[in-house]
Protein chains: 2
Amino acid sequence: MSRDVRIELQPIGVIHTDVPDDEVARRRRDMVSTIEVWPEFRDGLLGIDGYSHLFVLFALHRADAPTRLTAHPRGDTSRPPQGVFAARGRNHPNGLGLAVVELLGVDGGRLTVRKLDAFDGTPLIDLKPYDSYDVVAAPRVPDWWRSRTLTPRDDLR
Amino acid sequence: MSRDVRIELQPIGVIHTDVPDDEVARRRRDMVSTIEVWPEFRDGLLGIDGYSHLFVLFALHRADAPTRLTAHPRGDTSRPPQGVFAARGRNHPNGLGLAVVELLGVDGGRLTVRKLDAFDGTPLIDLKPYDSYDVVAAPRVPDWWRSRTLTPRDDLR
């Protein structure tokens, strides 16, 4: 495979939410969003209401191109620096977001979902159903990840 | 947002496996692969060994462009047709594969993983750590999905 290959994606819809950008991280656990799938892609939704949860892939269209491949998680210098692939930040070389969301309802080409931590206006790239193969009963995570959940009001990922 | 926007991705590595293409679907539950991250992206792996499981995003570089947005799952006409977004096939408008894998080991820029159902030579797009927010204890799936696991030798997704 040539390293020079480029892969081009086209949005299939757009994500809407009333949550302001700067509150998305804090409210990500319970925020509700609407996913609008454009008409030409709506046939692809047939049967999606049979699932309780979905993966949503979206374009981090407002993220800056990363200049470094390591960073302190969420900028907190009390935590050890991590590689970008060892955290779920917006600074990956390919700017794709991935969220596991709860599907609350489907109305034509509009899906109502919970826990989608994407800004209003985010381009939708793909939807995939979440099934039992995606469940890891007790995933191991680093110490810094676990410890950060002990901090009051620190509900950032 | 303009519908005409295009998002361009560049591979960050390549996936290697000894499993022939036509055996990947059948062996996906336990097959072992090596992910080679190219040198210029390896700093991004710092700390990734703290996780037991990862999401792997890859390019479905050999999938044909889809001509329809509905299909019988795995071509089985005894199952009702599903929209492409309601199944995990290779026929989505944007050809990205997503797998939850078990991380078995890290050696420099090479990661050994289990359960990555990608063909040998597949371009790697992104790695993201799997954490407790990604666990859905009992996801609901459609009847056709559950029933297909009762078929002997049908271990396709």
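Rules of the game
In this numbering scheme, every chain counts its residues from 1 along its sequence in written order. Here the convention is simple: chains get letters from A, ligands get numbers from 1, in the order in which they are written. At least 70 in pLDDT is required for a residue's local features to be given in this predicted model, at least 80 for side-chain atom pairs to be given and counted, and no such filter applies to totals for whole chains, interfaces and linings, which use all residues. Excluding hydrogens and water, the side-chain figures rest on all heavy atoms present in the structure. Only DSSP runs of H or I with at least four residues qualify as helices, and only runs of E with at least two residues qualify as strands; both kinds are numbered from the N terminus onward. Relative accessibility under 20% of the residue-type maximum defines a buried residue, over 50% an exposed one, and the middle range a partly exposed one, all with a 1.4 Å probe and only protein chains included. Note on contacts: a residue pair qualifies if any of its non-hydrogen atoms lie within 4.5 Å across the two residues. Here's the idea: put two parts together, see how much 1.4 Å probe accessible area each one loses, and the total over both is what we call buried area. Salt-bridge detection follows one rule: a side-chain nitrogen of Lys or Arg within 4 Å of a carboxyl oxygen of Asp or Glu. Under this definition, polar contacts are N or O atom pairs within 3.5 Å; protein pairs additionally need one hydrogen-donor-capable and one acceptor-capable atom, and for neighbouring residues in sequence, both atoms have to be side-chain atoms. We call Asp, Glu, Lys and Arg charged. Ala, Val, Leu, Ile, Met, Phe, Trp, Tyr, Cys and Pro are nonpolar, and the rest, Gly among them, are polar. For two strands to pair, DSSP has to find at least two bridges joining them. Copies are brought into register by a least-squares superposition over C-alpha atoms of residues with pLDDT of at least 70 in both. For helices, the axis comes from a line fit to the C-alpha atoms of the stretch in contact; other axes are also lines fit to C-alpha atoms, and the angle between any two N-to-C directions lies between 0 and 180 degrees. Here is the rule: rings of Phe, Tyr and Trp (six-membered ring for Trp) pair when centre to centre is within 6.5 Å. Planes less than 30 degrees apart are stacked, more than 60 are edge-to-face, and the remainder are tilted.

Novice: So what exactly am I meant to see when it comes to unusual backbone geometry here?
Specialist: Excluding glycine, residues mostly have negative phi values, and the peptide bonds linking residues are mostly trans. Residue and element names in this part refer to chain A. With a phi close to 80°, Lys 115 is a non-glycine residue in the positive phi region. When you line up the elements, Lys 115 lands in the loop between strand S8 (110-114) and strand S9 (122-129). Accessibility expressed as a relative area gives 37% for Lys 115, which makes it partly exposed.

Novice: Explain the interface of chain B and chain A here, please?
Specialist: Interfaces are often sized by the amount of accessible area the parts lose when they come together. Between chain B and chain A, the contact holds 72 residues from the first and 71 residues from the second. Where chain B abuts chain A, roughly 7100 Å² becomes buried across the two surfaces, and 61% of that area is made up of carbon and sulfur atoms. On the chain B side of the interface with chain A, the three residues burying the most area are Phe 85, Asn 94 and Tyr 133 of chain B, jointly 12% of the side's total. For the salt bridge of Arg 6 of chain B with Glu 8 of chain A, the shortest nitrogen-to-oxygen distance reads 3.9 Å. Summed over the shared surface of chain B and chain A, the result is 35 residue pairs in polar contact (both at pLDDT 80 or more). At the level of elements, strand S1 (7-9), strand S2 (13-16), strand S4 (53-59), strand S6 (82-83), strand S7 (96-107), strand S9 (122-129) and helix H2 (143-148) of chain B are the ones that each hand at least two residues to the side of chain B that touches chain A. Class assignment of the residues belonging to the side of chain B that touches chain A gives a composition of 40 nonpolar, 15 polar and 17 charged. Pairing between strand S1 (residues 7-9) of chain A and S1 of chain B: three bridges, direction antiparallel. Residue pairing in the sheet places Leu 9 of chain A in a bridge with Ile 7 of chain B of S1 of chain B.

Novice: Would you mind showing me how to read the relation of the copies chain B and chain A here?
Specialist: Note: a rotation about an axis with an accompanying shift along it relates these two copies of the chain. Each copy of the sequence occupies a distinct position, and chain B is placed on chain A by a rotation of 180° and an axial shift of 0.0 Å, giving an RMSD of 0.0 Å. Expressed as an axis order, the relation between the two copies is that of a two-fold axis. When each C-alpha of chain B is compared by its distance to the rotation axis, Glu 8 of chain B comes out closest, at 2.3 Å. The residues that chain B uses at the interface reappear at the interface of chain A in 99% of cases, marking a shared surface.

Novice: Can you walk me through the sheet that holds strand S7 (residues 96-107) of chain A in this structure?
Specialist: Note: strands within a sheet are paired through backbone hydrogen bonds, in either parallel or antiparallel orientation. Residue and element names in this part refer to chain A. Judged by pairing direction, the barrel is antiparallel, and its six strands sit side by side in the order S2-S3-S8-S7-S4-S9 before closing back on the first. On average, each strand axis in the sheet is tilted by 45° relative to the strand beside it, whichever way the strands run. Both strand S3 (residues 32-37) and S8 contribute to a ladder of five bridges, which runs antiparallel. Paired with Ser 33 across the bridge in S8 is Val 113.

Novice: It is not clear to me how the packing of aromatic side chains should be interpreted in this structure. Could you clarify?
Specialist: The way to describe two aromatic rings as a pair is by their centre distance and the angle between their planes. The full count for this structure, using the stated rule, is five aromatic pairs over all chains. Ring geometry for Phe 55 of chain A versus Phe 55 of chain B: centroids 5.7 Å apart, planes at 85°, classification edge-to-face. On the criterion of chain membership, the pair formed by Phe 55 of chain A in strand S4 (residues 53-59) and Phe 55 of chain B in strand S4 is interchain, its members lying in two chains. Neither Phe 55 of chain A nor Phe 55 of chain B differs from the other in exposure class; each is buried. Ring centres 5.8 Å apart and planes at 65° place the aromatic pair Tyr 133 of chain A and Trp 145 of chain B in the edge-to-face group.

By themselves these figures say nothing about function.
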